[in-house]
Every structure is written in C-alpha cells, then in structure tokens.
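# Survey of secondary and tertiary structure
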Amino acid sequence: MHVGYGTGFQHLGGYSDAKFLREELGNCELAESRGFDSVWVTEHHFDNYSISPDVCQLLSYVAGKTKRIKLGSMVVVVPWHDPVRLTEQISLLDHLSEGRYILGVGRGLARREFEGLRIDQNEGRQRFDEYTKMVLDALESGFVEGGATLKQPRREIRPRPYKSFKGRSFAAAASRDSVPVCAKLGLGLLVILQKPWDQVKADLDTYHKYWAEFHPNIEPPKPFCSGFCFVDESAERAEEFARKFLAANYREALDHYEMFGKHFDTTKSYERYADLSKYLNSIGLEKAVEDYIQLMPWGTPQQVLDKFSKMKELTDMQGIMPNLYFGGMPYQESTRNINCFVKNCLHELKSWPAASLAEPAELTVA
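Residues numbered from 1 in each chain as written. Predicted model: local features only at pLDDT ≥ 70, side-chain atom pairs only at ≥ 80, totals over all residues. Heavy atoms only, no water.

## Some words on the overall build of the chain
Counting its regular elements, the chain contains 12 helices and 13 strands. The C-alpha radius of gyration computed for the chain amounts to 20 Å, which stays within 12% of the reference 21 Å derived for 366 residues, consistent with globular compactness. On the principal axes, the C-alpha backbone points of the chain span a range of 60 × 45 × 45 Å. Going through the 366 residues of the chain one by one, you find that 56% of them count as buried. (Helix = DSSP H or I, 4+ residues; strand = E, 2+ residues; numbered from the N terminus. Rg over C-alpha atoms; globule rule 2.2 N^0.38 Å. Buried < 20%, exposed > 50% of the residue type's maximum accessible area, 1.4 Å probe, protein only.)

Below is the structure:
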C-alpha cells in the first residue's frame, strides 16, 4: 500500500511563520529518507488554519529536494485559479519532478477564502466543473481551449504536458452532489476524513455507480485516504495528546469554515453544507469535536494499524497520507509522532496488498 506524508501546514504554535515553515518543510524533505512514498500539501489562505497558499510552488520546492518521492495536492482549489495558468503550473511541476505529481483538486468551502480572493462563492460549483474539465483536457491534448463561460481561445501549453494524468488525478468530494461530477470527469476520490464511515461508504457506492455509467469497461482509480494521526507506544499518552491536538485542530477547522454559521443556507450549490451546519448546531460543539476525535486513527501502534485496517476494508484504498503535525503540537512532539509512526506503522502499512498508482503514460501531442 502507498503511504504518504500529509501536511496542511496548520500553524497554531504562536511563533513566527518563518520558523514553522522551516520545521514542516524539513519534515517534507525528510519524508523520502524516512520511507514515505509521497508528500501531500493543501491549499488555504488568510489564517492559521493553513499557511499553504500555493500548492505547486511548495511541491516544486520538495521536488528539488528529493529524488523519487511522489508529490500530491490535497487539494488545488480549482475555482480560485485561472485554468490556463493552473494548467501551465501543473505541466511545469510535472516536468520539474519528472512525472512525480499526483494531481488532487477540489471546489473550496471557506467563505473568507472566496471573499479574500474576490470570487463569488455562488460560482464555486460552475467554476469547478468548467475549469477542471478544461485543465484535464489540456493536460492530455497539450492545448487549452473552450469553457462555457470563459470561451478560452485555443492555445498551446508549454512546456508540453510531460505524461498523461489519467489514473493519477483525484478529487476531494466531501458533499454527495460532488461525487457524480468527479466520476464523470474521470477523477479518483480523495477521502478526507470528516464524516462517519457509513456516509463515506455511501459516497463510494454512488461514485462506482456513476463511474460505471460514464466509463464502462474501465476500472476507476482506487481512493487515497487522509486523516490526522497520533501514535505513541503508551496508550495513555497517545490518548491524552491525540485528544488535545485533534480537538485544537478541529476547533480551528470549524472556525475557518464557519461551520456553525448560516451562510451556507443562501450559498448556491452548498446545500449539503447547510444540512451539515444544521446538524452540527443540533449536537453542539463538544459533541462535534468528540465525534471527530473518534473518527481519526490514534493510539498505540497496534491500535493505529487496526484503525487503518478498518479504513482499508471499507474503502479498498490504494494509499493513505496521514497528517502527523497539527493542532499546535510542539515541533519536538511532531518529530516524536513521526518517528513512532515510521518505526512501528509505516513498513507494516506498506506491506499490505493494494492496487498500485498507475504509471503515467506517454503522451503524443499534436
């Protein structure tokens, strides 16, 4: 099974951004020698929830510091980008890394990010559907064009796409209405842990139904799963610190996304999040935090392996990319967490049978 190092660059430590960036970039650089198969980074803007505003730039840095490790985005938020420039950035990164990029895309959720980037969130769904198709088509053909609203003139992508992205393009589909769109676009799923497993399983069943409809006789890529992981050889210490840092992480997420607010009620194509917001308000903050803590893989090495085993049984995932530095944990604690995971879990997880990530095919660009 593929095991990556995931990072959201969540900075809750209260010290300088410069110091924190050097710490987490150091972890990304060391991921290869520690035995991880990939490094995954997120895109967010404007607050402590994540100081990772440019996925391609960060992954280009990691590409230059490594030789073999793959580079994943979880995710590039497509509606926040011009699709022409985004296609160029993806193509360039793939050249710099010699085909190591695993493309992950998403629609975006936080109102503060849409507003700060001067983009109407009501256009989020339309932009994602239109722009993502343009980008994916351009990465295969070498030319970007069209779009229902953009009407982009046909232009050649240079550098020409390095290799095909079919089989190594994924999307986070946190709402049920996003799942059919991802299947239609030929994207695999990134399962970002945030809701009960029965709902995740229902999403996967829906995905496979629509995939078979849109792509008969072609097997879909197996999903990748992320999550926040804390492991310690002491069960008591594992629970104490997991609860502390997971709670801090999720409280920051709830604030970043304003999940207890009512703005989703009047935001086009975010009805599923309006339902989720109503549900969170009905159970209250403390119950929401506790449910989130219980969802994540934490505990002794064996407890963590058991939780990942259940995840694999439910999702048939090809890989995971746990986030091991989060919630304001001190840097030395993150190092301890990473080292414990590497020593006790990494190689066991990598030994599990799973479908392999498709090797990118050569392109013939006219």
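Now that the structure has been shown, we can carry on.
## Here's the deal with the pairing of strand S5 (residues 101–106)
Most of S5 is tucked away: six of the six residues are buried. Of the two faces of S5, the one holding Tyr101, Leu103 and Val105 and the one holding Ile102, Gly104 and Gly106 are both buried throughout. With two bridges connecting them, strand S3 (residues 70–73) and S5 associate as parallel partners. Across the sheet, residue Leu71 finds its bridge partner in S5, namely Tyr101. Judged from the two bridges that link them, strand S4 (residues 76–77) and S5 form a sheet pairing that is parallel. Its bridge partner lying in S5, Val76 is registered against Val105. Between the parallel elements S4 and S5, the chain passes through helix H3 (residues 83–96) in a crossover that is right-handed. (Pairing = 2+ DSSP bridges. Right-handed = clockwise from strand over helix to strand, strands pointing away.)

## Concerning the environment of Val76
Here Val76 is to be found in strand S4. Relative accessible area serves as the criterion here: at 2%, Val76 is assigned to the buried category. Beyond its immediate stretch of four places on either side in the chain, Val76 contacts Glu43, Val55, His81, Leu86, Tyr101, Gly104, Val105 and Gly106. (Contact = heavy atoms within 4.5 Å.)

## So, the packing of H3 against helix H5 (residues 124–141)
The contact between H3 and H5 brings their axes to 9 Å, and the two run at 40°. As the angle between them shows, H3 and H5 are arranged oblique. For the element pair H3 and H5, the recorded crossing hand is right-handed. Here H3 contributes Pro83, Leu86, Thr87, Ile90 and Ser91 to the contact with H5, which in turn contributes Tyr131, Met134, Val135, Ala138 and Leu139. Of the residues belonging to the contact of H3 with H5, the class tally is eight nonpolar, two polar and no charged. (Axes fitted to C-alpha atoms, helices over the stretch in contact; angles between N-to-C directions. Parallel < 35°, antiparallel > 145°, perpendicular 65-115°, else oblique. Left-handed = near helix turned anticlockwise from the far one by under 90°. Nonpolar A, V, L, I, M, F, W, Y, C, P; charged D, E, K, R; others polar.)

## Considering the packing of aromatic side chains
Applying the stated criterion across every chain, the model contains 20 aromatic pairs. Relative to Phe224, the ring of Trp40 has its centre 5.1 Å away and its plane inclined at 50°; by these criteria the two rings are tilted. Taken together, the positions of Trp40 in strand S2 (residues 38–41) and Phe224 in strand S10 (residues 224–228) put the pair 184 residues apart, joining distant regions of the chain. Take Trp40 and Phe224: they sit in the same class, and that class is buried. Ring pairing ties together the aromatic residues Phe9, Phe20, Tyr325 and Tyr331, which thus form one cluster. Its guanidinium or amino end placed over the ring of Phe143, Arg154 lies 4.0 Å from that ring's centre, counting from NZ or CZ. (Phe/Tyr/Trp six-rings, centres within 6.5 Å; stacked < 30°, edge-to-face > 60°. Lys NZ or Arg CZ within 6 Å of the ring centre and 35° of its normal.)

## Concerning the side chain of Thr66
Tracing the sequence through the fold places Thr66 in the loop between helix H2 (55–65) and S3. From its side chain, Thr66 meets the backbone oxygen of Val62 in a polar contact 2.8 Å long. Not counting the four nearest positions on each side in its chain, Thr66 is found in contact with Glu29, Glu32 and Arg100. (Polar contact = N/O pair within 3.5 Å; in protein donor to acceptor, adjacent residues only side chain to side chain.)

## A few points about the environment of Gly64
Mapping Gly64 onto the fold places it in helix H2. Taking the C-alpha atoms as reference, Gly64 lies 26 Å from Phe228; in sequence the two are 164 residues apart.

## Some words on helix H9 (residues 271–283)
At 3.6 residues per turn, the α-helix brings residues three or four places apart onto the same side. The terminal C-alpha atoms of H9 lie 19 Å apart, and with 13 residues this matches the ideal 18 Å at 1.5 Å per residue to within 8%. The set of residues buried in H9 consists of Tyr273, Ala274, Ser277 and Leu280. End-on, the buried residues of H9 take up no more than an arc of 120°, which puts them together on one face. Structurally, H9 contributes buried residues whose contacts are with helix H8 (235–257) and helix H10 (285–295). Looking one or two residues past H9, Gly284 carries a phi angle of roughly 90°, positive in sign. (Expected span 1.5 Å × (residues − 1). Arc of directions from axis to C-beta.)

## Quick notes on the pattern of salt bridges
This model, assessed by the stated rule, comprises 28 salt bridges. Put simply, Arg154 and Glu145 hold a salt bridge, and the shortest N to O gap is 2.8 Å. A salt bridge links Asp203 to Lys195; the shortest N-O distance between them is 2.5 Å. Of the two residues, Asp203 and Lys195, neither departs from the other in class, the shared state being buried. Each of Asp232, Arg237, Glu333 and Arg336 takes part in one network of salt bridges that share partners. (Salt bridge = Lys/Arg side-chain N within 4 Å of Asp/Glu carboxyl O.)

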